[in-house]
Amino acid sequence: MSESGVPYRPSDPVDFVIVGAGAAGGVVARELATAGFRVVVLEQGPYLRAPDFRHDELAVLRLAELTNDHRRQPNSLRATDRDPRVVTPAVGYGRAVGGGTVHFTGNYWRFHEVDFIERSLVGPVAGTGFDDWPISYAELEPYYTRVEWEIGVSGLAGASPFDPPRSRPYPVPPLPIKSIGVLAERAARAMGWTAFPAPMAILSEPYRDRMACIQCGFCETFGCEMGAKSSTLVTMIPEAEATGRCEIRPDSYVRKVEVDQRGRVTGVKYFDAKRREVYQRARAVVLCANGAETPRLLLLSRSNRFPDGLANSSGMVGRHLMFNGGGLTGGRFEGRINGYRGTVDTRVIHDLYQLDPGLGFVGGGGFDFRWDTQPIGFALWGLDPKAPRWGPDFKRRLRESFTRTAYALAHTTSLPVPTNRVSLDPHLKDDWGLPAISVTWQEHPNDLRLSEYFVARAMDLLAAAGAVERWSYPAGAGGWWPQVHLLGTCRMGNDPRTSVVDRFHRAHDVPNLFIVDGSSFVTSGRGQPTMTIQALAFRAAERMGELARRGELG
Ligand SMILES: Cc1cc2nc3c(=O)[nH]c(=O)nc-3n(C[C@H](O)[C@H](O)[C@H](O)COP(=O)(O)OP(=O)(O)OC[C@H]3O[C@@H](n4cnc5c(N)ncnc54)[C@H](O)[C@@H]3O)c2cc1C
Ligand code: SF4
């Protein structure tokens, strides 16, 4: 039954069942197992290892080898409740042990102080649930430091003049600058800005028995054959298993969290690899299934006691769905820059992280200069959208441009809008017969204008870098589907009427249920949320351990 070799039986009530072995789930599993608790982690995806990863664009990108497969787990999408639902990929995430950290890009900066208190600084925004977090940057700082040192983040402390205070430098130096990073530095200098070494969850040198990045170039959307990408697959999860108290159970698709008469969770029901239903008992349940699947699971866990879904007395489960806005721009350069080599990006620009309110919109963002495609992907979307799409001219453009193109990505704030949400589709079912994820989402006007502003600045950056041709793709989060930053759908707060979990990720309605993943975010930051997801996970696990030891799980 178990690949981890721990012989828990489903009828054994373990201390904690964790749903999802991704960014947060891996951290929580390691922390709780190390603290002496018996832990079972149920992951719907497979347990792949480094030798299983391959540079096969069709298998990885088209056949969803590492991600949720919309043919088996479809989504629907609509802009408002008045619109018909359209079946289309709406959310994308890693579906394997390690979750999104297996195939992500690894951009790993901390949120800034402003991200936690922005509502107090700029005031309310009509049509949103814009709010402060119930915790501050200072409270989270020690846990950011733990992420950097325990999973291995490369970077240079003090390189960004905008970085929030930190208690320790990075454990490993920044990755070597790539050619596109040199262009970013040139552009930033011309604009009077700073391009600083990108903090990355990728090792620049050997660390804790893991190898450094060999710059293979198949990074974003691919698994790392070297183990240099600091996924939970190669960091937290082996450490959790090494305690002898944590069982990782892959191919286990959780369909319901069960509760007793007192309203306490008793365990979860899941489908195993053979689609048999299994009931795993536990003293407490921790949902780490991400900002789309966690609210879905809560809504699927309706019962007589919780008729609107588990932990949903506020009606907030699934609401305030946030992605990250911004937009992508591309530029062609005179000479060869060979941006396809190495990691996706090595320089980031944060000069517009906190915009002057006089500009007329709330929020801010950043830029990086990047290359995040491979040959087939480049042929599909990498050229200027106005370039020929067929015939000898198309081939000539591909030949000329592959080595001469760079992209400038803007990543910006998304506001929490209550009507933007994840709910259950009333008609569409997945392969297991469960209601599919339905996304209702319309960009807030503030976010769209902000994205347009940033796309224009990204075009300025490309010009300053010397691009001879420039183009942009649609601005705003709505320009790209499926969305991969899934945030806000079980928001954290002090008031049980307006939030789902408390400041330590405990569900307001159910004392032995915890929700630790992108869903607990109150605001979206300016992109790249996973560093913060993991800092929160370290903090939440510490609290769960304290409660369990004091016999206060409920
Ligand atoms: C191509 C790409 C690039 C990205 N690059 C970056 C980046 O550079 N920086 C950054 O910060 N973020 C990046 N992200 C986003 C990042 O992957 C996510 O923010 C992060 O993984 C979310 O962490 P999580 O713990 O909330 O959930 P996940 O990591 O998604 O983990 C959730 C896990 O739960 C499992 N699960 C879900 N439902 C069930 C169920 N019912 N039963 C059992 N298991 C279940 C899933 O299979 C998954 O393994 C990227 C994402 C993508 C797709
Ligand atoms: S570029 Fe580096 S971190 Fe990324 S997959 Fe290749 S070796 Fe791993």
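Reading the values: the criteria
Residues numbered from 1 in each chain as written. Chains lettered and ligands numbered in written order. Predicted model: local features only at pLDDT ≥ 70, side-chain atom pairs only at ≥ 80, totals over all residues. Heavy atoms only, no water. Near = heavy atom within 4 Å. 1 Å grid on protein atoms, 1.4 Å probe; cavity = no way out; pocket = protein on both sides within 12 Å on 5 of 7 lines; lining within 4 Å. Sits in = over half its atoms within 2 Å of the grid points. Pairing = 2+ DSSP bridges. Helix = DSSP H or I, 4+ residues; strand = E, 2+ residues; numbered from the N terminus. Contact = heavy atoms within 4.5 Å. Axes fitted to C-alpha atoms, helices over the stretch in contact; angles between N-to-C directions. Phe/Tyr/Trp six-rings, centres within 6.5 Å; stacked < 30°, edge-to-face > 60°. Lys NZ or Arg CZ within 6 Å of the ring centre and 35° of its normal. Salt bridge = Lys/Arg side-chain N within 4 Å of Asp/Glu carboxyl O. Points joined across faces, edges and corners; volume = space filled by probe spheres on them. Nonpolar A, V, L, I, M, F, W, Y, C, P; charged D, E, K, R; others polar. Parallel < 35°, antiparallel > 145°, perpendicular 65-115°, else oblique. Left-handed = near helix turned anticlockwise from the far one by under 90°. Polar contact = N/O pair within 3.5 Å; in protein donor to acceptor, adjacent residues only side chain to side chain. Areas by Shrake-Rupley, 256 points an atom, 1.4 Å probe, with all protein chains shown as cover. Buried < 20%, exposed > 50% of the residue type's maximum accessible area, 1.4 Å probe, protein only. Arc of directions from axis to C-beta.

Colleague: Would you take a moment to explain the site of ligand 2 for this structure?
Modeller: Around ligand 2 sit Ile202, Cys213, Ile214, Gln215, Cys216, Gly217, Phe218, Cys219, Cys224 and Met226, and those are all the residues in its vicinity. Mapping ligand 2 onto the cavity grids shows that it belongs to the largest cavity.

Colleague: How should I be thinking about the sheet that holds strand E3 (residues 75–78) in this particular structure?
Modeller: The strands making up a sheet associate through hydrogen bonds between their backbones, and the pairing can be parallel or antiparallel. Reading across the sheet, the four strands line up as E4-E3-E15-E14 and stay open at both edges, with mixed pairing between neighbours. Since the sheet does not close on itself, it has two edges, and those belong to strand E4 (86–87) and strand E14 (421–429), each with one partner. Two strands pair when backbone bridges link them, and E14 and strand E15 (residues 435–440) are joined in this way by five bridges, in the antiparallel orientation. By the bridge assignment for E15, valine 422 is matched with valine 439. Helix-sheet contacts for helix H7 (residues 290–300) involve E14 and E15, and the interaxial angle to E14 is about 65°.

Colleague: Would you explain the packing of aromatic side chains in this entry?
Modeller: Aromatic ring pairs are reported here in terms of the distance separating the ring centres and the angle at which the planes meet. Enumeration over the complete set of coordinates arrives at 26 aromatic pairs. Clustering of aromatic rings is evident, with ring pairs tying together Tyr340, Trp371, Phe378, Trp381, Phe402, Tyr407, Tyr473 and Trp480. Seen from the ring of tyrosine 170, arginine 166 lies directly overhead, with NZ or CZ sitting 4.1 Å from the centre. The residue whose ring lies beneath arginine 543 is phenylalanine 504, and the NZ or CZ to ring-centre distance is 4.2 Å.

Colleague: What's the story with the pattern of salt bridges in this structure? I'm lost.
Modeller: Considering all chains together, one arrives at 42 salt bridges under this definition. In this structure, glutamate 31 engages arginine 146 in a salt bridge whose closest nitrogen and oxygen atoms are separated by 3.0 Å. Taken together, the residues span a long stretch of sequence, with glutamate 31 in helix H1 (residues 23–34) and arginine 146 in helix H4 (residues 137–152) at a distance of 115 residues.

Colleague: What am I meant to see in empty space enclosed by the protein here?
Modeller: Gaps between atoms show up when a probe of the same size as a water molecule is rolled over them. The final tally for this structure, using the stated rule, is seven cavities of 30 Å³ or more. Lining the largest cavity are 15 residues, and of these Cys213, Gln215, Cys216, Cys219 and Cys224 sit closest to its centre. Of the residues belonging to the lining of the largest cavity, the class tally is nine nonpolar, five polar and one charged.

Colleague: Can you walk me through the packing of H4 against helix H11 (residues 530–549) in this structure?
Modeller: Packed helices, taken two at a time, are described by the angle between their axes plus the distance between the axes. Here H4 crosses H11 at 105°, and the two axes come no closer than 8 Å. By the angle between their directions, the pair H4 and H11 is classed as roughly perpendicular. Along its contact with H4, which presents Glu139, Leu140, Tyr143, Tyr144, Arg146, Val147, Glu148, Glu150 and Ile151, the element H11 presents Met531, Thr532, Gln534, Ala535, Leu536, Phe538, Arg539 and Glu542. A breakdown of the residues in the contact of H4 with H11 according to their chemical character gives nine nonpolar, two polar and six charged.

Colleague: Hey, could you run me through the packing of H1 against H11 in this one?
Modeller: Following both chains from N to C, one finds H1 and H11 inclined at 30°, their axes separated by 8 Å at the closest point. Relative to H11, the element H1 is oriented roughly parallel. At the point where H1 passes H11, the crossing takes the right-handed sense. Along its contact with H1, which presents Ala23, Ala24, Val27, Val28, Arg30, Glu31 and Leu32, the element H11 presents Thr530, Ile533, Gln534, Ala537, Phe538, Ala541, Met544 and Gly545.

Colleague: Explanation requested: the site of ligand 1 in the structure shown.
Modeller: Contacts to ligand 1 come from 36 residues, most closely from Ala24, Glu43, Asn107, Gln528 and Thr530. Between glycine 106 and ligand 1, the recorded distance is 3.1 Å, taken from a backbone N or O atom to an oxygen atom. In the environment of ligand 1, an oxygen atom lies 3.3 Å from a nitrogen or oxygen atom belonging to the side chain of asparagine 290. Burial of ligand 1 by the surrounding chains reaches 95%, relative to a free accessible area of 990 Å². Where the shell around ligand 1 is concerned, the elements lending two or more residues are H1, strand E7 (253–259), H7 and H11. Split into classes, the residues belonging to the shell around ligand 1 amount to 14 nonpolar, 17 polar and five charged.

Colleague: What am I meant to see in helix H9 (residues 391–401) here?
Modeller: A turn of α-helix holds 3.6 residues, and therefore any two residues three or four places apart point the same way. Residues Phe394, Arg397, Leu398 and Ser401 constitute the buried set of H9. All buried residues of H9 fall inside an arc of 100° around its axis, so they share one side. Opposite the buried face of H9, by more than 90 degrees, sit the exposed residues Pro392, Lys395 and Arg399. The secondary structure elements touched by the buried residues of H9 are strand E10 (325–332), helix H8 (375–382), strand E13 (405–412) and strand E16 (469–472).

Colleague: Looking at this structure, how should I read the side chain of histidine 320?
Modeller: Mapping histidine 320 onto the fold places it in the loop between H7 and E10. Using a relative accessible area of 4% as the deciding quantity, one classes histidine 320 as buried.

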